[in-house]
Amino acid sequence: MAALPVPLLALVLLLLAGCGGPGAAGQRRKEMVLSEKVNQLMEWASKRSVIRMNGDKFRRLVKAPPRNYSVIVMFTALQPHRQCVVCKQADEEYQILANSWRYSSAFTNKIFFAMVDFDEGSDVFQMLNMNSAPTFINFPAKGKPKRGDTYELQVRGFAAEQLARWVADRTDVHIRVIRPPNYAGPLMLGLLLAVIGGLVYLRGSNLDFLYNKTGWAFAALCFVLAMTSGQMWNHIRGPPYAHKNPHTGQVNYIHGSSQAQFVAETHIVLLFNGGVTLGMVLLHEAATSDMDVGKRKIMCIAGIGLVVLFFSWLLSVFRSKYHGYPYRYVSL
C-alpha cells in the first residue's frame, strides 16, 4: 500500500484528534466527577457509618450521574416532635447494619449507607412522592430504583439481619451482621439461677415445692402462651411495635396481612389466649372441685363468659388478617 505524503498524514491525524478530542475530554471530566464523589463519600463513611444527607447532597451524590456505587438510603423522621417510635427502633437496627459493613474486612466503595431525615430533606420526600417513614430504598449503581429496591418493611420487619438479606439480594454485597454485646440475657439467667439456688439452700430440708404440680403447670402454660402468640417470630423478624398513619394519625395495632404482625398484636393475642385458658381452667374446676354448688355455678358461668368473649375477639383478629373468612363466634 502506498504511503501517504507527510502533510496529508498530518492532516488525517489532526482530523482524528479533533473528532475524538471532545469525547475523550468529556469522559475524563466524567471520571473526575465520579472520583470526587467516591472520595467524598469515603471520607464521610470513615467518620460515620450512616451518612446524613440533605436535599443538595442527595441530588448530587445519589440521584445525579455518574455513579458506579449503590446507596442504601433510609428515609426517616427522628426528631422528637415527629413522635415516630418506629423510626427510632429502625434507626438502631440500620446503624448496626451499617457499622457491620463499615468495620468488616470486605468493606469497599461499592455500597454506602445514607439517611435523609424529613426535617433536613423534606424536598427529597416531595421529589420522591414519599409520605411515610421509615422507608428503605436502594439506589443502584446503574439506572433507577425498581420495585424490589424498596424494602417491604411491613412484611420483613426492620431487623438488621433482614435488611442484610435484602441488601445482598439487591446489590450482591453480603454483610455479616455483628451486634454489640448484650449482657441483659446472661444477667437475667444468672439472677434466675441465683434465686433458685437461694431457695434450694434456704429450704434444703424441704424440697416439696420442686414437686408442686401447680407451679410447673403455670410455668409451662406461660411458655406455651408466649410461643403461640408469636414472640419467637418477633425475636427473629424484629417487627415494629405498631404502625401510625402519617396522614390521619391513626395507630394500627393489628397488621392487615397474614404474612406479618406487630409486636402489639402478639401482646393482644397473648391476652386473648390467656383469657380463653382462664375460662377453661374455671370450667374444669367447676366440674371437678369439692366446693358448694353455688360457687361452682358461678365459676361455670364465669368460665363460659371468658371463653365466649375472648375466643370471639381472637376470631375477630383472625378475620381482620384473613380477609373473606366467613365464620365468627359471636357478632363483633
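Residues numbered from 1 in each chain as written. Predicted model: local features only at pLDDT ≥ 70, side-chain atom pairs only at ≥ 80, totals over all residues. Heavy atoms only, no water.

1. A few points about the overall build of the protein
Then step 1. The number of helices and strands found in the protein is 11 helices and 6 strands.
Then step 2. Looking at the protein as a whole, 33% of its 332 residues are labelled buried.
Then step 3. If you take every contact in the protein between residues at least 6 apart in sequence, the share linking residues at least 24 apart comes to 66%. (Helix = DSSP H or I, 4+ residues; strand = E, 2+ residues; numbered from the N terminus. Buried < 20%, exposed > 50% of the residue type's maximum accessible area, 1.4 Å probe, protein only. Contact = heavy atoms within 4.5 Å.)

2. Side note on the UniProt feature "transmembrane region" (unreviewed entry) in the protein
Then step 1. Per the UniProt record, the feature "transmembrane region" (unreviewed entry) sits at residues 183–202, 214–233, 268–286 and 298–318.
Then step 2. A distance of 27 Å separates the end C-alpha atoms of residues 268–286, which is 100% helix and 0% strand.
Then step 3. Across residues 298–318, helical content stands at 100% and strand content at 0%; the span's end C-alpha atoms are separated by 30 Å. (UniProt positions renumbered as here; feature names shortened; annotations may be inferred.)

3. So, the packing of aromatic side chains
Then step 1. Considering all chains together, one arrives at 14 aromatic pairs under this definition.
Then step 2. Relative to F125, the ring of F118 lies with its centre 5.1 Å away and its plane at 80 degrees, an arrangement referred to as edge-to-face.
Then step 3. When the centroid spacing of 5.4 Å and the interplanar angle of 85 degrees are considered together, the rings of F310 and W313 count as edge-to-face. Of the two residues, F310 and W313 are both situated in helix α11 (residues 293–321); the distance of 3 residues between them amounts to about one turn of the helix. (Phe/Tyr/Trp six-rings, centres within 6.5 Å; stacked < 30°, edge-to-face > 60°.)

4. Observations concerning the pairing of strand β3 (residues 111–117)
Then step 1. Burial runs high along β3: 7 of the 7 residues are buried.
Then step 2. Where strand β1 (residues 50–52) and β3 come together, 3 bridges link them in parallel fashion. Its bridge partner lying in β3, V50 is registered against F113.
Then step 3. Across 7 bridges, the pairing between strand β2 (residues 70–76) and β3 is parallel. In the sheet register, V73 faces β3, and the bridge partner there is A114. (Pairing = 2+ DSSP bridges.)

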